[in-house]
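# Report on the structure
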Amino acid sequence: MNTQLIKSVSIILVNYNGADVLINCLNSLEKFIPKDNCEIILVDNNSQDNSIDIVDNKFPEIKLIKLPRNVGFGAGNNAGAKVAKGEFLLLLNTDTILTNNILPHLIELMSGNQDVGVIGTKLLFPDGSFQISFSPEIGIRGEFQAQKIHKYAENKNAFNIIEQDFQDIKEVDIVVGAAFFIRANLFNLLDGFDEKFFMYFEDSDLCQRVRNEGYKIIYTPHISLIHLRGHSVKKISNKMSVEYRRSQIYYYHKHRPMWEILTLRVYLIFKFLYQYLKTSNPYSWEIIKLSFMYK
């Protein structure tokens, strides 16, 4: 790979109490990413663990932004983008681990295709197995398609078919935000992530707005990185399930027709009313209230 292709990249990570995975992520960046062609920006959402100490003591060259409160994933990335100097932004989850330098391929692919606005990489589980990192357009039809894909993931033979179908670079509707490569000027044109999404659907929303501007979203399998997936929300899964539905409803109100909004609301009411009657889980009741009262 011709190193002259490498241009300025800003790698942005948003951290919240992720000390146990952060050090492996930053070590991999230090090992594989040359310092002369990119900057690393870490935005900390007021972590209460020793995340800040790790960065200060072990990675002093990283540009650290300390926020006074947890503003969420999208707003955290926006804060990093405001100080970024790169021509391209690589938005990277802290529960990812690089195994090689992925930047040359991303830059070459983006620079050679002016109609491409966002690139998503291949993601792998820690055991090296394939991880789904793309999705159909969000909507009633798209949700059924996504559920079908994830159901296939439970069947090894069916899952292998999906992986084989994504052996080449392919245009997709959505790539997940775990490793999200975007032109900085496009990100800024769109005012970055919609900060009304605290967590979930913010990457889908940004992809939709990128496509609305006439750019393509593409997935490349020619580079990969490890993604632990879901690490940051495992300990508060009930609370995050409410946040997921809040973001889902907001996304539908923002992008989908009224009949789909009403269909989603009715579905959520019946689904979580049944769960609440079975378990008395207060989080199910919170989702029911969201479905009735969201404006």
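No experiment lies behind these values; they were computed from the predicted model shown.

We now examine the overall build of the protein chain. Broken down by element type, the protein chain carries 11 helices and 12 strands. The C-alpha atoms of the protein chain give a radius of gyration of 19 Å, which matches the 19 Å a tight globule of 295 residues would have. Overall size of the protein chain, expressed as C-alpha extent along the three principal axes, is 60 × 40 × 40 Å. Counting across all 295 residues of the protein chain, residues that qualify as buried make up 53%. The contacts of the protein chain with a sequence gap of at least 6 include a subset with a gap of at least 24, amounting to 77%.

Attention shifts here to the pattern of salt bridges. Counted under the stated rule, the structure contains 13 salt bridges. Note that Arg256 is salt-bridged to Glu137, the shortest N-O span being 3.1 Å. Remark: Glu137 occurs in the loop between strand 8 (134-135) and helix 5 (140-152) and Arg256 occurs in the loop between helix 9 (237-255) and helix 10 (258-279); sequence separation between them is 119 residues. The partner of Lys254 in a salt bridge is Asp194, and the shortest N-O contact between them spans 2.7 Å. Note that Lys254 is positioned in helix 9 and Asp194 in the loop between helix 7 (184-189) and helix 8 (202-212), a separation of 60 residues in sequence.

The subject of this paragraph is helix 11 (residues 282-293). Think of an α-helix as turning once every 3.6 residues; residues three or four places apart then point the same way. Here helix 11 is 12 residues long and its end C-alpha atoms lie 16 Å apart, about the 16 Å a rise of 1.5 Å per residue gives. All of the buried residues along helix 11 are Ser284, Ile287, Ile288, Leu290 and Ser291. Burial along helix 11 is one-sided: seen end-on, the buried residues are contained in an arc of 160 degrees. The exposed set on the far side of helix 11, more than 90 degrees from its buried face, consists of Pro282, Phe292 and Met293. Packed against the buried residues of helix 11 are helix 9 and helix 10. Of the residues flanking the start of helix 11, the one acting as N-cap is Asn281, its side-chain oxygen 2.8 Å from the backbone nitrogen of Tyr283.

Between the first and last C-alpha of helix 5 there are 19 Å, a value that for 13 residues agrees with the 18 Å anticipated at 1.5 Å per step. All of the buried residues along helix 5 are Ile140, Gly142, Glu143, Ala146 and Ile149.

Here the protein chain shows a mean pLDDT of 91. Residues at 70 or above account for 93%. The low-confidence segment residues 1-6 (pLDDT under 50) makes 8 contacts with residues lying over four places distant or belonging to another chain.

What follows is about the environment of Leu92. Examined against the element boundaries, Leu92 turns out to sit in strand 4 (residues 88-92). A relative accessible area of 3% means that Leu92 is categorised as buried. Separated by 73 residues in sequence, Leu92 and Asp165 place their C-alpha atoms 25 Å apart. Setting aside residues no more than four positions away along its own chain, Leu92 makes contact with Ile11, Ile12, Leu13, Val14, Leu29, Leu98, Ala178, Ala179 and Leu225.

A separate point is the state of the cysteines. Here is the idea: a disulfide is a covalent bond, and it sits between the sulfur atoms of two cysteines. One pass over the full model with this rule turns up 0 disulfides. There is no disulfide at Cys25, and the cysteine sulfur nearest it, in Cys38, is 12 Å away. Classification of Cys25 by relative accessible area gives buried; the value is 0%.

Pairing of strand 2 (residues 38-44) with strand 3 (residues 63-66), which is carried by 4 bridges, proceeds in the parallel orientation. Bridge assignment links Ile41 to a residue of strand 3, and that residue is Lys63.

Most of strand 11 (residues 179-183) is tucked away: 5 of the 5 residues are buried. Here strand 11 shows a buried face lined by Ala179, Phe181 and Arg183 and a second buried face lined by Phe180 and Ile182. In this structure, strand 4 lies alongside strand 11, joined through 5 bridges in antiparallel fashion. Its bridge partner being in strand 11, Leu91 is matched across the sheet by Phe180. In this sheet, strand 11 lies alongside strand 6 (residues 116-124) in antiparallel orientation, the contact comprising 3 bridges. Within strand 11, the position partnered with Ile119 by the bridge is Phe181.

Considering all chains together, one arrives at 13 aromatic pairs under this definition. Taking 6.0 Å as the distance between ring centres and 45 degrees as the angle between the ring planes, the aromatic pair formed by Phe201 and Tyr251 counts as tilted. Taken together, the positions of Phe201 in the loop between helix 7 and helix 8 and Tyr251 in helix 9 put the pair 50 residues apart, joining distant regions of the chain. Tyr251 carries the same exposure label as Phe201, and that label is buried. Taken together, the ring pairs connect Phe73, Phe180, Phe187 and Phe193 into an aromatic cluster. In this structure, Lys170 is placed above the aromatic ring of Phe166, and the distance from its NZ or CZ to the ring centre is 4.4 Å. The ring of Phe272 has Lys271 sitting right over it, with the charged end atom 5.6 Å from the ring centre.

Basis of the calculations
- Residues numbered from 1 in each chain as written.
- Predicted model: local features only at pLDDT ≥ 70, side-chain atom pairs only at ≥ 80, totals over all residues.
- Heavy atoms only, no water.
- Helix = DSSP H or I, 4+ residues; strand = E, 2+ residues; numbered from the N terminus.
- Rg over C-alpha atoms; globule rule 2.2 N^0.38 Å.
- Buried < 20%, exposed > 50% of the residue type's maximum accessible area, 1.4 Å probe, protein only.
- Contact = heavy atoms within 4.5 Å.
- Salt bridge = Lys/Arg side-chain N within 4 Å of Asp/Glu carboxyl O.
- Expected span 1.5 Å × (residues − 1).
- Arc of directions from axis to C-beta.
- Polar contact = N/O pair within 3.5 Å; in protein donor to acceptor, adjacent residues only side chain to side chain.
- pLDDT = per-residue confidence, 0-100.
- Disulfide = S-S within 2.5 Å.
- Pairing = 2+ DSSP bridges.
- Phe/Tyr/Trp six-rings, centres within 6.5 Å; stacked < 30°, edge-to-face > 60°.
- Lys NZ or Arg CZ within 6 Å of the ring centre and 35° of its normal.

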